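# Fold and contact review
If you want the building blocks of each chain, they are given just below.
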Amino acid sequence: MTSPKSIRVFAPATVANVACGFDVLGFAIHGLGDYVTARFSDVSGLGIESITGDDGRLPLEASKNTAGLAAMALLKRAGFKGEKGIQLAIEKNMPLGSGLGSSAASSAAAVVAVNELLGRPFSVDDLLPFAVEGEMAASGTAHADNVAAALFGGFILVKTHNPPDVISLHTPPKLHCTIIHPSIEIQTRNSRMILKKEVPLEKAVTQWANLGALVAGLYTEDYDLIGRSLHDEIIEPVRSILIPGFDEMKKAALDAGALGCSISGSGPSLFALSTSKDEAEAAGRNMGKILEKIGLEYHIHVSEINTTGAHVVDA
Ligand code: HSE
C-alpha cells in the first residue's frame, strides 16, 4: 500500500575551502539553496519526477543525477526493497557551476528527505557518506566540505568523510558573508584537474598554520585573527587565473573593510567575510565595480552564516 506522505527539505548553498582549508573547511549561507521533495510512489525503485530551476540541464535519470545517486546510496544501505518506489522532485534555487555547492545542496536535501520518508533509519551524521556519493558524480572525486556544511550548517571541518568525522566549529556572531558571482561557469571537475599534485613544504607549513589559526579565531571570536588567517597559498594562485578581475576584486573587498576574501569552492564566485552587514554590502559594491569595468554581469548576495543546515520545510 502506498502512502501519500511526502517530505520537502531545504539545504543551503555553501562556501567550501574558506581560503586555507581546501577540501576540509566550509560554511553554509542563507537565502540560496535547493529543495528536494521525496514521496512514495507505485513505481518501484528511485525516480526523479521533476527538476526545476536548471534550464533543463540536469539529468532526470537517477543514476546520473547527484541527488539521485546520494538517495540511491542511502536506500541501498537501508536495504530498501519495498514494492513501493520513491520519487524525488528537485527545485534548484541557486546557479549551477557557481562555486556555491549546487550539487551538494541537492545531495544533502535528497538524503535528508529520503531518510525522513523512511522514518529516519539513520542519524544526520550517518547521512554524510551518502551525500558524498552524489558529490563524486559531480566532481569526479570524493570531498565533503560542501555537503557537510549543507547538512549540518555553520562552519564545519571535515576530518574524514568516510567514516564520517566532521567537527562543527563555532560560528562567531558578527560574521557576514558577501558572495559575488560573475556570470561565467566553472565545473568543479575541471578546476580540480588544473591543481598541482605536489605542494612545496614551505607553502604547506604556511597553509596549515593559517588553517589552525583560523579555527582558533572562530572559537575565540577573534575577528582580527580570522582576517589574518584567511589566506590560501596553494589553491587560489592556480584557480584565480580562471576568474576575470580576481586580484582587483579581492583588493576591492579588503579596501571596503572585509576581513578576508578568496574563491568560494572551485569558483567562479568569490566570498568575503566582514564583521557587519554594512561592511559586507560595501565589499559587494566595491567588487561589483570591478566586474562592471570588465563588462561582466554578476550577482551579489550578502548573508549571515547559516547555522541550521538542511531541514524539513514541509511534511
Ligand atoms: N573543495 C572542493 C574544491 C569544493 O575546491 O574543489 C568544490 O565545490
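Per chain, the residues get numbers from 1 upward, laid out in the order the sequence is written. For a predicted model such as this one, the threshold for reporting local features is a pLDDT of at least 70, and the threshold for listing and counting side-chain atom pairs is 80 or more; totals across whole chains, interfaces and linings nevertheless cover every residue. To get the side-chain values, take all heavy atoms of the structure and skip hydrogens and water.

Secondary structure counts use DSSP, requiring at least four H or I residues in a row for a helix and at least two E residues in a row for a strand, with both numbered from the N terminus. In terms of helices and strands, the chain carries 10 helices and 11 strands. C-alpha atoms define the radius of gyration in this analysis, and the globule rule sets the expected value at 2.2 Å times the number of residues to the power 0.38. What you see for the chain is a C-alpha radius of gyration of 19 Å, in line with the 20 Å of a compact globule of 315 residues. The principal-axis extent of the C-alpha atoms belonging to the chain is close to 60 × 40 × 35 Å. Accessibility here uses a 1.4 Å probe with only protein chains present; expressed as a share of the type maximum, an area under 20% marks a residue as buried, one over 50% as exposed, and anything in between as partly exposed. For the chain, the proportion of its 315 residues judged to be buried stands at 56%. Long-range pairs, those at least 24 residues apart, make up 75% of the contacts in the chain with a sequence separation of at least 6. Counting only carbon and sulfur atoms, one obtains 53% of the accessible surface of the chain, whose full area is about 13400 Å². Taken as two groups, the 26 positive and 35 negative side-chain charges of the chain have centres that lie 3 Å from each other. Two residues form a contact once any of their heavy atoms are found within 4.5 Å. Each accessible area is a Shrake-Rupley result for a 1.4 Å probe, and residues are judged covered by the shown protein chains and nothing else. In summary, the charge assignment counts Lys and Arg as positive and Asp and Glu as negative, without counting His or the chain termini. Charged side chains are reduced to one point each, which is NZ for Lys, CZ for Arg, CG for Asp and CD for Glu.

On to the domain arrangement of the chain. Structurally, the chain comprises domain 1 (6-170 + 306-314) and domain 2 (176-304). Contacts between the two partners involve 38 residues from domain 1 and, on the opposite side, 38 residues from domain 2. Note: buried area is the sum, over both parts, of the accessible area (probe 1.4 Å) each one loses when the two are combined. Roughly 2700 Å² is buried in total at the junction of domain 1 and domain 2, and carbon and sulfur atoms are behind 61% of that figure. Area buried by domain 1 at its contact with domain 2 is led by Ala19, Cys20 and His170, which between them contribute 24% of it. By definition here, a salt bridge exists when the distance from a side-chain nitrogen of Lys or Arg to a carboxyl oxygen of Asp or Glu is within 4 Å. The tally of links from domain 1 across to domain 2 stands at 2 salt bridges. Listed by contribution, the elements that provide at least two residues to the side of domain 1 that touches domain 2 are β1 (6-16), β2 (25-41), α3 (128-139) and β6 (164-168). Top element by residues in the side of domain 1 that touches domain 2 is β2. It accounts for 7 residues. Bear in mind that the domain bounds are from an automatic or database domain assignment.

With that settled, the discussion passes to the packing of helix α1 (residues 66-78) against α3. Inter-axis angles, ranging from 0 to 180 degrees, are taken between N-to-C directions of lines fitted to C-alpha atoms, where helices are fitted over the stretch in contact. Across the interface, α1 lies against α3 with an axial gap of 7 Å and an inter-helix angle of 145 degrees. Here the hand of the crossing between α1 and α3 comes out right-handed. Touching Thr66, Leu69, Ala70, Ala73, Leu74 and Arg77 of α1 are Phe130, Ala131, Glu133, Gly134, Ala137 and Ala138, all from α3. For the contact of α1 with α3, the per-class residue count stands at 8 nonpolar, 2 polar and 2 charged. Left-handed is the label given to a crossing in which the near helix is rotated counterclockwise from the far helix by less than a right angle, and right-handed is the label when the rotation is clockwise. Each residue is assigned to one class: nonpolar for Ala, Val, Leu, Ile, Met, Phe, Trp, Tyr, Cys and Pro, charged for Asp, Glu, Lys and Arg, and polar for all the others, Gly among them.

Turning our eyes to something else, we now look at the packing of aromatic side chains. One pair of aromatic rings is described through two measures. These are the centre distance and the angle between the planes. Ring geometry is summarised as follows: Phe, Tyr and Trp rings, the Trp one being its six-membered ring, pair when their centres sit within 6.5 Å, and such pairs are stacked at plane angles under 30 degrees, edge-to-face over 60 and tilted between the two. Throughout the structure, instances matching the rule amount to 4 aromatic pairs. Centre to centre, the rings of Phe10 and Tyr35 are 5.0 Å apart; their planes meet at 50 degrees, and the pair counts as tilted. Note that Phe10 is positioned in strand β1 and Tyr35 in strand β2, a separation of 25 residues in sequence. Here Phe10 falls in the buried class, since its relative accessible area comes to 9%. Look at Tyr35 and you get partly exposed, because its relative accessible area is 22%.

This next bit is on the sheet that holds strand β10 (residues 298-304). For two strands to pair, DSSP has to find at least two bridges joining them. The sheet built from 4 strands is open, its strands ordered β8-β9-β7-β10 with antiparallel pairing. A strand with exactly one partner marks an edge of an open sheet, and here the two such strands are β8 (260-263) and β10. Averaged over neighbouring strand pairs, the angle between their axes works out to 20 degrees when direction is ignored. Note: β8 against strand β9 (residues 270-274), 4 bridges, orientation antiparallel. Directly across from Cys261, in β9, lies its bridge partner Ala272. Sheet strands touched by helix α9 (residues 246-255): β7 (176-182), β8 and β9. Its angle to β8, the strand with the most contacts, is close to 155 degrees. Lying over the sheet, helix α10 (residues 277-294) contacts β7, β8, β9 and β10, oriented at roughly 15 degrees with respect to β7.

With that settled, the discussion passes to the site of the ligand. Residues are labelled near a given molecule or strand when at least one of their non-hydrogen atoms is within 4 Å of it. If you check the shell around the ligand, you find Ala16, Asn17, Phe22, Asp23, His143, Asp145, Asn146, Thr188, Arg192, Arg239, Gly265 and Ser266 and nothing else. Here a polar contact is recorded for every N or O atom pair within 3.5 Å, except that within protein the pair must consist of a potential hydrogen donor and a potential acceptor, and residues adjacent in sequence are included only if both atoms are side-chain atoms. At a separation of 2.7 Å, an oxygen atom of the ligand approaches a polar side-chain atom of Asn17. Residue Arg239 places a side-chain N or O atom 2.7 Å away from an oxygen atom belonging to the ligand. Burial of the ligand by the protein chains amounts to 97% of its free accessible area of 260 Å². Of all the elements in the fold, those that place two or more residues in the shell around the ligand are α4 (145-152) and α5 (188-193).

Turning our attention to the environment of Pro200. Tracing the backbone through its elements, the reader meets Pro200 in the loop between α5 and α6 (201-220). Accessibility expressed as a relative area gives 45% for Pro200, which makes it partly exposed. Distance in space between the C-alpha atoms of Pro200 and Ile234 is 9.1 Å, their sequence separation being 34 residues.

All right, on to the environment of Thr14 then. Tracing the backbone through its elements, the reader meets Thr14 in strand β1. Separated by 19 residues in sequence, Thr14 and Gly33 place their C-alpha atoms 8.3 Å apart. When neighbours within four sequence positions are excluded, Thr14 is seen to be in contact with Phe27, Ala28, Gly99, Leu100, Gly101, Asn146, Ala149, Ala150 and Ser264.

By size, the foremost hydrophobic cluster in this structure holds 73 residues, and its most contacted members are Phe27, Ile86, Leu88, Phe155, Cys177, Phe271 and Leu273. With 10 residues, helix α2 (residues 102-117) is the largest single contributor of residues to this core. Residue contributions to this core reach at least three from each of two domains, namely domain 1 (6-170 + 306-314) and domain 2 (176-304). What is meant by a nonpolar core is a set of buried Ala, Val, Leu, Ile, Met, Phe, Trp, Tyr and Cys residues, joined one to another through side-chain atoms within 4.5 Å. Counting 19 residues, the second-largest nonpolar core is a separate cluster that includes Ala252, Ala272, Ala283 and Met287.

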